[in-house]
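One-letter residues, chain by chain:
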Amino acid sequence: KLTIPEYHNKVKEFEFTLYDVFGREVKREMVKTSPYIFYRQNLTNGIYFYKLSQNKLAVSIGKLIIQ
């Protein structure tokens, strides 16, 4: 699982987007809870990248390795 910590601002909603190593979007969902916990579900092993955005601007990006 991936836990994204609470952000220190007044906006309560974010968009979480997950990409594979080829840049293809794998998952996208609106986040209304903080901290946000993402579970692997049925993703295959590999390297993924995520972007957390707010009003279409990237707030945070990161790498996720699923084994």
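Just so it is clear, the model here is predicted, and its values are computed rather than measured. (Residues numbered from 1 in each chain as written. Predicted model: local features only at pLDDT ≥ 70, side-chain atom pairs only at ≥ 80, totals over all residues. Heavy atoms only, no water.)

Visitor: So what exactly am I meant to see when it comes to the pairing of strand β3 (residues 25-31) here?
Guide: Side chains on a regular strand alternate between the two faces of the sheet. When strand β2 (residues 14-19) meets β3, the two strands line up antiparallel, connected through six bridges. Following the sheet pairing, Tyr19 is matched in β3 by Glu25. (Pairing = 2+ DSSP bridges. Helix = DSSP H or I, 4+ residues; strand = E, 2+ residues; numbered from the N terminus.)

Visitor: Which parts of the structure should I look at to understand unusual backbone geometry?
Guide: Glycine aside, a negative phi is what most residues show, and trans is what most peptide bonds show. The phi torsion at Asn55 lies on the positive side, around 55°, for a residue other than glycine. In this structure, Lys56 takes a positive phi of about 70° despite not being glycine.

Visitor: Would you mind going over the pairing of strand β5 (residues 46-54) with me for this structure?
Guide: For β2 and β5, the ladder comprises five bridges, and the chain directions are antiparallel. Paired with Thr17 across the bridge in β5 is Lys51. Here β5 pairs with strand β6 (residues 57-66) via nine bridges, running antiparallel. Each bridged residue has a counterpart across the sheet, and for Tyr50 the counterpart in β6 is Gly62. In this structure, the hairpin formed by β5 and β6 is closed by a connection of two residues, where Asn55 is found at a positive phi of approximately 55°.

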